[in-house]
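Results of the structural survey
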Number of protein chains: 4
Amino acid sequence: MAEFRHRFTVDYVDTDALGIVHFSNYFRYFERAELALLRSLGFDYRRLNRDMGVAIPRVEAHCRYLSPCTFSQEVEVELWVEELRDRSLRYGFRIHNRSEGKVAAEGWVTVVSIDISRFEAVRMPEEFRRALTPYLREG
Amino acid sequence: MAEFRHRFTVDYVDTDALGIVHFSNYFRYFERAELALLRSLGFDYRRLNRDMGVAIPRVEAHCRYLSPCTFSQEVEVELWVEELRDRSLRYGFRIHNRSEGKVAAEGWVTVVSIDISRFEAVRMPEEFRRALTPYLREG
Amino acid sequence: MAEFRHRFTVDYVDTDALGIVHFSNYFRYFERAELALLRSLGFDYRRLNRDMGVAIPRVEAHCRYLSPCTFSQEVEVELWVEELRDRSLRYGFRIHNRSEGKVAAEGWVTVVSIDISRFEAVRMPEEFRRALTPYLREG
Amino acid sequence: MAEFRHRFTVDYVDTDALGIVHFSNYFRYFERAELALLRSLGFDYRRLNRDMGVAIPRVEAHCRYLSPCTFSQEVEVELWVEELRDRSLRYGFRIHNRSEGKVAAEGWVTVVSIDISRFEAVRMPEEFRRALTPYLREG
């Protein structure tokens, strides 16, 4: 089983007047890690979109917020695949606040494979599924 | 039972390269409606934060994406209270794409009442709870 | 000479840890007003993009920040055209903080007309120029 | 003379429906690099804000857009100090699209030193000025 982690620093603009990262941004952090994972496998959205005619829009997203992060803190997103189906997949993620040694948030995001020209669900490209299989982590 | 709806137009910056509103932004749309509701009741975050010493950070968020929106479309957020507890409340929301006559997304967000100086859970101010009670919608 | 003003409320997510609207967001406020103006004239980006094959990407942007805004404040963007050329136009904007009766920011944004398929500068559609002419305000 | 460069990958959410990075985001990219520079010198906003009682809000910002970037491209922000005064400083920046070998944007941002409790201009802390001096690059 492979594991994927992606690390970066919290931007100032990511915080709000409460001084902490806005709750919507954890979904953006998840996606930043997702793109890094896909790039590392040779499949970024561009390749999916332009070369394979497929997009993977989100159909469901969930997050629990455990401990706030603030700007200039180092964050690490741990990312895995919770379910891998024919036309959809569910990512799991956990966001670590490395500056404080705490888990900041955890959640999951379900994406569905669509034909980009018709916006209709299609089978995920087989090589894409194969590339993600090592990241499958059972419940 | 009171109902709250808040209407606005999708900004260009809210869309991404797929041409549709980025999934993280539906949580921002929810919050835009939440602030409008709280303002209409005389309780915006400012009053909560500065006058009552309370903040209501998010502890859990969930969204299902049903139909994409794009820029310049008119959106309406329908907002209600699903649960009202001593120290927390769960909002329910549904985002209507009025330009297409479709439901774009629906979800819920749980917030917890904290003392803003100690970042510790406290009982929600009674008048705040009272103001929200008419928006409670069972299951 | 016509005048255009667009009013809205500052979102919580627009603020940063300093408690004020992040400087990048004033450009987004400008664009929100620009889209409202173009829609009011029957030309939103969609019509420009899809029907007329033209996009108007930004080539230069400038802003002076005069007085901070914070969340839940009412803001009004005053928008006009400073220059109207064959292939480009310069908008001028002033952002009023109505909650405090102050000018929050002022600036300008230059856009260039491009053929959307070739990403090359082209003459602005004549009816688009004509629609904007009443908003031209000399220095 | 010291030089500072900060490199990262364009997020999907940074693009808009035109498929390119939204013009407001180049100011966020500038700031991301600025924070990285300040951190590398031992002065992030947090230290300025909390330890030294100073904030450096933006009073003027300018950007010229030269060549668009899109998601998953590698970007490098080159950052320097153009002017260093008693109470203000002007950063210069250039954003390189490394994936295409082009300059994407260039601009400058002027910040002013304020006392964070009174929101009034104050002399910049001497050690902060000293730390930035090597990055001063004449016109």
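The structure this text deals with has already been given above.
What comes next concerns the included structure. (Residues numbered from 1 in each chain as written. Chains lettered and ligands numbered in written order. Predicted model: local features only at pLDDT ≥ 70, side-chain atom pairs only at ≥ 80, totals over all residues. Heavy atoms only, no water.)

Concerning the interface of chain B and chain A
You'll often see interface size given as the accessible area lost when the parts meet. Taken together, the 25 residues of chain B in the interface contact 25 residues of chain A. Carbon and sulfur atoms supply 66% of the area that chain B and chain A bury against each other, a total of about 2100 Å² over both sides. Area buried by chain B at its contact with chain A is led by Leu18, Phe23 and Arg28 of chain B, which between them contribute 27% of it. At the boundary of chain B and chain A, one finds zero salt bridges. Seen at the junction of chain B and chain A, the total is 13 residue pairs in polar contact (both at pLDDT 80 or more). Where the side of chain B that touches chain A is concerned, the elements lending two or more residues are helix H1 (25-40), strand S3 (58-65) and strand S6 (102-112) of chain B. Broken down by element, the side of chain B that touches chain A gets its largest block of residues, eight residues, from S3 of chain B. Here the residues of the side of chain B that touches chain A are counted per class, giving 16 nonpolar, four polar and five charged. (Contact = heavy atoms within 4.5 Å. Buried area = accessible area lost by both parts, 1.4 Å probe. Salt bridge = Lys/Arg side-chain N within 4 Å of Asp/Glu carboxyl O. Polar contact = N/O pair within 3.5 Å; in protein donor to acceptor, adjacent residues only side chain to side chain. Helix = DSSP H or I, 4+ residues; strand = E, 2+ residues; numbered from the N terminus. Nonpolar A, V, L, I, M, F, W, Y, C, P; charged D, E, K, R; others polar.)

Here we look at the relation of the copies chain B and chain A
The pair of chain copies shares a relation made of a rotation about an axis and a shift along it. Overlaying chain B with chain A gives an RMSD of 0.0 Å, the required rotation being 180 degrees about an axis along which the chain moves by 0.0 Å. Such a turn and shift between the copies fits a two-fold axis. Taking C-alpha positions as reference, the residue of chain B nearest the rotation axis is His62 of chain B, located at 2.2 Å. Comparing interface residues between copies, 100% of those in chain B also sit at the interface in chain A, which points to an isologous, same-surface contact. (Least-squares fit on C-alpha atoms with pLDDT ≥ 70 in both.)

Looking at the packing of aromatic side chains
One pass over the structure, following the stated rule, counts 46 aromatic pairs over all chains. Seen from their ring centres, Tyr12 of chain A and Phe71 of chain A are 4.8 Å apart, and the 75 degrees between their planes marks the pair as edge-to-face. Remark: Phe71 of chain A occurs in the loop between strand S3 (58-65) and strand S4 (74-84) and Tyr12 of chain A occurs in the loop between strand S1 (4-9) and helix H1 (25-40); sequence separation between them is 59 residues. For Phe71 of chain A, a relative accessible area of 2% translates into the label buried. Taking 6.1 Å as the distance between ring centres and 80 degrees as the angle between the ring planes, the aromatic pair formed by Phe23 of chain A and Tyr65 of chain A counts as edge-to-face. On the criterion of sequence distance, the pair formed by Phe23 of chain A in the loop between S1 and H1 and Tyr65 of chain A in strand S3 is long-range, its members being 42 residues apart. Looking at Phe23 of chain A, the relative accessible area reads 5%, which means it is buried. Its relative accessible area of 11% is what places Tyr65 of chain A among the buried residues. Among the aromatic residues, those joined into a cluster by ring pairs are Phe8, Phe23, Tyr26, Phe27, Tyr29 and Tyr65 of chain A together with Phe8, Phe23, Tyr26, Phe27, Tyr29 and Tyr65 of chain B. Positioned over the ring face of Trp108 of chain A is Arg90 of chain A, at 3.6 Å from the centre of the ring. Here Arg47 of chain D stacks its cationic end above the ring of Phe43 of chain D, 4.5 Å away from the centre of that ring. (Phe/Tyr/Trp six-rings, centres within 6.5 Å; stacked < 30°, edge-to-face > 60°. Buried < 20%, exposed > 50% of the residue type's maximum accessible area, 1.4 Å probe, protein only. Lys NZ or Arg CZ within 6 Å of the ring centre and 35° of its normal.)

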